[in-house]
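Examination of the molecular architecture
Okay, here's what each chain looks like letter by letter:
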Amino acid sequence: MATKAALFLSIVMALACLNIRVQVSAEDTEAIPIHGARFNGGMRRMQEFKDSLIRRDLASDISPSPAPSVPPPQGKSGSKVYYVTSYGADPSGKSDSTDAILKAISDAYNGPRLGNLIEGITNLGGAQIHLEGGNYLISKPLQLPAAGAGNLMIHGGTLTASDNFPTDGYLIDLSAATSSSSANKQEKNKTLINNSQQLASGSSYNYEYITLKDLMLDSNFRGGAIQVINSLRTSIDNCYIVHFSTNGILVQSGHETYIRNSFLGQHITAGGDPGERNFSGTAINLMGNDNAVTDVVIFSAAVGIMVSGLTQTRIVNSYMDYTSIVAEDPVQLHISSSFFLGDAFILLKSINGVANGVNIVDNMFSGSDKGVEIVQLDESKGPFKQIDQVVVHRNNVRGMNLRATVGRGSMQSNGSSWTVDFSSLLLFPNLINHVQYSLITSDSSFPNHALRNVSANRVVIESDKASAGSVFVTVNQGGTN
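Residues numbered from 1 in each chain as written. Predicted model: local features only at pLDDT ≥ 70, side-chain atom pairs only at ≥ 80, totals over all residues. Heavy atoms only, no water.

The subject of this paragraph is helix H3 (residues 98-109). Between its first and last C-alpha atoms H3 spans 16 Å; for 12 residues at 1.5 Å apiece the expected length is 16 Å, and the two agree. Taken together, the buried positions of H3 are occupied by Thr98, Ala100, Ile101, Ala104, Ile105, Ala108 and Tyr109. Where H3 is buried, its residues touch strand S1 (81-83), strand S2 (122-130), strand S3 (135-138), strand S4 (142-143) and strand S5 (149-161). (Helix = DSSP H or I, 4+ residues; strand = E, 2+ residues; numbered from the N terminus. Expected span 1.5 Å × (residues − 1). Buried < 20%, exposed > 50% of the residue type's maximum accessible area, 1.4 Å probe, protein only. Contact = heavy atoms within 4.5 Å.)

Here it is, written out as structure tokens:
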């Protein structure tokens, strides 16, 4: 190959020299020195070009050397990708990698800065903690060194809790808390909930724009997987979270946490497990404002998604496999385009008797013909009293009992009274806000008629004289709208 290239270059150079000589002969003798300089410069350039091609040709005949197996140390020369194996993390999962990964996180936290995000949050400039597809044994939670930073990603591998991982800890802990006692944590949780409205109005956050992506998190029944406390715009994407004993993902205070394209289950099963009704733990626990769960599969847990007393939660296009959604005093809760399998249902739980701005629409429910209702009420602590703009409608059901806040019914009778009973359909007991009806007689009579009674979710229509006819009724118990 090298010989052919050299022959080709020799021919090209000969033609170039001939061209230069012809140019020289066509000029007068005073221009000869100038063209001589051009000739020498042209020859040098042609020789350099020839040498470069020969070097490339020779290099192509040599097998490339394998890439180094260990990436160079990160955090130098402006790099913002921190490979954890460069810090001594063991990708085989045989030895503890906690300190090595924490050192990588610390270097990323203290690396180059690009000003601020929201006030009080330093921009880390897109720094990445790269797990390189390894499986790392973790003995204590992975936390950032301090609050007040953002624009950081942890991705690309597996974290597994060791046998001595704290049972109340989380593999990835986005909190600024230092105390680990249960009493202190419970007190802190109460404070965070009480301050949630203040936080939404402009108070400081712990972190902003932290991305957890392409991770498998195995809690080894030693606690939870991800904790996000008082943080803003956190993204949890394409994660597989298993073997949690407390919460798979816990979100407290802050807002705009997005959980998407992920799979969560306490036990790895695809259904049919004889003990799956006895599973414990909560897959996703939302205790903050303005969060979203989209395209998420929850395949085993005592509670699939828990929504605790806050607002603006969206659960869309998700799959609840033998596990349910529980919402306490729901306000601005939207659940749609989701699939509930194995008698999984939605439970609205009254704490202070509030249900306001709730949409449960366009979902599919599939059960086992055991009479399980698709939407249920827990009024053990008191009835729902403040009910407004609640819409449970357009859900399709197989093997379960339909519940809704909108109902249509009819009755045919030969008499002066028609009663249409919606008690087996409507969600809230003894609540109908709006009634529309029409009476169609099958004879030639034109009786006067009126709505006489609405109680116990039954509608009574009466006429001033007996007639053979049918009544068609539509009711709504969702509230003013």
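Let us keep going from here.
Take Gln227: it is sitting in strand S8 (residues 223-229). Gln227 sits in the buried class, given a relative accessible area of 5%. Engagement of the side chain of Gln227 in a polar contact is seen with the side chain of Asp173, the distance being 2.8 Å. Not counting chain neighbours up to four residues away, the residues in contact with Gln227 comprise Tyr170, Ile172, Asp173, Leu174, Ser175 and Leu250. (Polar contact = N/O pair within 3.5 Å; in protein donor to acceptor, adjacent residues only side chain to side chain.)

Turning to the pattern of salt bridges, a few remarks are in order. Going through the model one piece at a time under the given rule, you end up with 9 salt bridges. Salt-bridge contacts for Asp99 lead to Lys140; the nearest nitrogen and oxygen are separated by 3.9 Å. Taken together, the residues span a long stretch of sequence, with Asp99 in helix H3 and Lys140 in the loop between S3 and S4 at a distance of 41 residues. Among the residues examined, Asp99 registers a relative accessible area of 57% and is labelled exposed. (Salt bridge = Lys/Arg side-chain N within 4 Å of Asp/Glu carboxyl O.)

In this structure, Asp290 takes a positive phi of about 60 degrees despite not being glycine. Relative to the helices and strands, Asp290 is located in the loop between strand S14 (282-289) and strand S15 (291-294). Asp290 gets classed as buried once you look at its relative accessible area, which sits at 15%. The backbone phi angle of Ala456 is positive, close to 50 degrees, even though this residue is not glycine. Take Ala456: it is sitting in the loop between strand S31 (449-455) and strand S32 (458-476). By relative accessible area, which is 36% here, Ala456 ends up partly exposed.

On the surface, Leu117, Ile118 and Tyr209 cluster together into a nonpolar patch covering about 230 Å² of accessible area. Mapped onto the fold, Tyr209 is located in strand S7 (residues 207-218). (Patch = residues over 30% accessible without salt bridge, like charges linked within 9 Å, V, L, I, M, F, W, Y side chains within 5 Å. Areas by Shrake-Rupley, 256 points an atom, 1.4 Å probe, with all protein chains shown as cover.)

A few words now on the pairing of S2. Burial of S2 is extensive: 7 of the 9 residues sit out of reach of the surface. As defined by bridge partners, S1 adjoins S2 across 3 bridges and the pair is classed as parallel. For Tyr82, the partnering residue across the bridge sits in S2 and is Ile129. Relative to S5, S2 runs parallel, the two sharing 6 bridges. Directly across from His130, in S5, lies its bridge partner His155. (Pairing = 2+ DSSP bridges.)

Our focus in this paragraph is the packing of aromatic side chains. Using the criterion set out here, one finds 5 aromatic pairs in the structure. Centroid distance Tyr240 to Phe299: 6.1 Å. Interplanar angle 35 degrees. Geometry classified as tilted. With Tyr240 in strand S10 (residues 235-242) and Phe299 in strand S16 (residues 297-300), this residue pair connects regions lying 59 residues apart in the sequence. Overall, Tyr240 belongs to the partly exposed group, its relative accessible area being 26%. A relative accessible area of 7% means that Phe299 is categorised as buried. An aromatic cluster of three or more residues is present, and its members are Tyr240, Phe263 and Phe299. Above the plane of the ring of Tyr109 lies Arg113, whose end atom (NZ or CZ) is 5.3 Å from the centre. (Phe/Tyr/Trp six-rings, centres within 6.5 Å; stacked < 30°, edge-to-face > 60°. Lys NZ or Arg CZ within 6 Å of the ring centre and 35° of its normal.)

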